[in-house]
Amino acid sequence: MNNFEYARASDVADAIKLKAADSAAKFIAGGTNLVDLMKYEVERPARLIDISRLPLRSVEETDNGGLRIGALVPNSDLAYHPLIERSYPLLSSAILAGASAQLRNMASTGGNLMQRTRCAYFYDVATPCNKRAPGSGCSAIAGLNRGHAILGTSEACIATHPSDMAVALAALDATVHVAGPGGTRSIALIDFHRLPGDTPELDNNLRADEIITAIELPPQGFATHYSYLKIRDRLSYAFALVSVAAALEIENGRIRVARLALGGVAHKPWRDIAVEALLRGEAPSRDLFGAAADALLKDAKGFAHNTFKISLARRAIVRTLTQAANATPQIQSVKKVR
């Protein structure tokens, strides 16, 4: 472990001030990702700013009927919160599909969005990786890439974003609230994370001097017609090969609103609003869902070991949309551990 300085922020303004004084410093709350990165020497911050005691742990209803979630609400608390379980069960289901109970108890809502890719080459400092050292190359493209991206890739990076929670938030049209020296601003969740392009070292559009303060959910939570399906190598703690968040509003036997987001397939949660438009006004059917899956995956590109993900994703999309349409969501078989 490298030596580092430690500071504890007393409030949001203090956290912003401390970060502005050292843009290379890292915020730490639960530390479920950052500590691992430091152990592997992927991240070598000279200064850590502890934000774990900031007053950002509330879940409150907004004036328009939505929900505002503090950035430091632990994942477990959020998954089991009565307002989430009742009005946004898709989010609860996605969180419970992620990580282990112990990690969910520590991980924060904001930290979940900020976690880095779990690409093995990114974690191995002995191998070239454009995310760690821009311009050094991507070892995954010609390496072991079974778990890597099939959508939105570039010659610089084929890593995937590991979050389950973010996939559900993308489908729910969530907004990320951030604060910095210049004030506050809001970022649509679907615009928060980035595709790799030629700058894969940038995972998101948060500025170096900003901090996430909250995530806001709109009033529509799709509490009846929803499902979150996660396909992985083992049921216990494992990242998604493919995950699908589906949310539908059905009226008089036809789809009035459709939301569809994928995880495990791209550098960010993958959502295509044009594909969702294909579903609107139509009666739910496997043929319709198959056509939507084909449209969503039309630009998918496999590599040596992950081409199977394309057909896997198609089947997962059809299955998840069918579950949502039938109001028979995928059940996450987990126990609450505190």
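Criteria and cut-off values
- Residues numbered from 1 in each chain as written.
- Predicted model: local features only at pLDDT ≥ 70, side-chain atom pairs only at ≥ 80, totals over all residues.
- Heavy atoms only, no water.
- Pairing = 2+ DSSP bridges.
- Helix = DSSP H or I, 4+ residues; strand = E, 2+ residues; numbered from the N terminus.
- Axes fitted to C-alpha atoms, helices over the stretch in contact; angles between N-to-C directions.
- Phe/Tyr/Trp six-rings, centres within 6.5 Å; stacked < 30°, edge-to-face > 60°.
- Buried < 20%, exposed > 50% of the residue type's maximum accessible area, 1.4 Å probe, protein only.
- Lys NZ or Arg CZ within 6 Å of the ring centre and 35° of its normal.
- Arc of directions from axis to C-beta.
- Contact = heavy atoms within 4.5 Å.
- Polar contact = N/O pair within 3.5 Å; in protein donor to acceptor, adjacent residues only side chain to side chain.
- Salt bridge = Lys/Arg side-chain N within 4 Å of Asp/Glu carboxyl O.

J.: Just to check I follow, could you spell out the sheet that holds strand β1 (residues 5-8) for this structure?
T.: Strands sit in the order β1-β3-β2 across an open sheet of 3 strands; the sheet is parallel. Sheet topology places β1 and β2 (26-28) at the edges, where each strand pairs with a single neighbour. Neighbouring strand axes in the sheet, compared pairwise and without regard to direction, differ in orientation by 30° on average.

J.: Sorry if this is basic, but what is going on with the packing of aromatic side chains here?
T.: The description of two aromatic rings rests on the distance between their centres and on the angle between their planes. Evaluated as defined, the whole model comprises 3 aromatic pairs. Ring plane angle 80° and centroid distance 5.4 Å describe the contact between tyrosine 40 and tyrosine 123, whose orientation is recorded as edge-to-face. Separated by 83 residues along the polypeptide, tyrosine 40 in the loop between α2 (34-39) and β3 (47-50) and tyrosine 123 in helix α8 (residues 120-123) bring together distant segments of the chain. With centroids separated by 6.0 Å and ring planes inclined at 65°, the aromatic side chains of tyrosine 237 and phenylalanine 239 adopt a geometry described as edge-to-face. You can call phenylalanine 239 partly exposed: its relative accessible area is 35%. Through a chain of ring-to-ring contacts, the aromatic side chains of Tyr40, Phe122 and Tyr123 assemble into a single cluster. Here the guanidinium or amino end of lysine 19 rests over the ring plane of phenylalanine 27, the centre of that ring lying 5.8 Å away.

J.: What should I look at first to understand helix α1 (residues 12-21) in this one?
T.: Because each turn of an α-helix spans 3.6 residues, side chains separated by three or four positions in sequence point in the same direction. Burial in α1 covers these residues: Val12, Ala15, Ile16, Leu18 and Lys19. The arc that holds every buried residue of α1, seen down its axis, measures 165°, which confines them to one face. Away from its buried face by more than 90 degrees, α1 exposes Ala13, Lys17 and Ala21. Against the buried residues of α1 lie β1, β2, β3, β6 (175-180) and β8 (211-217). A side-chain oxygen of the first residue of α1 lies 3.3 Å from the backbone nitrogen of alanine 13; this N-cap is aspartate 11.

J.: Where do I start with the pattern of salt bridges in this structure?
T.: Side-chain pairing between opposite charges can occur once the charged atoms of the two side chains come close. Under the definition given, this model contains 17 salt bridges. Residue glutamate 43 pairs with lysine 26 through a salt bridge whose shortest N-O separation is 3.7 Å. Placement of glutamate 43 in the loop between α2 and β3 and of lysine 26 in strand β2 is noted, with a sequence separation of 17 residues between them. By relative accessible area, which is 30% here, lysine 26 ends up partly exposed. A salt bridge links glutamate 249 to arginine 256, with the nearest nitrogen and oxygen atoms 2.5 Å apart.

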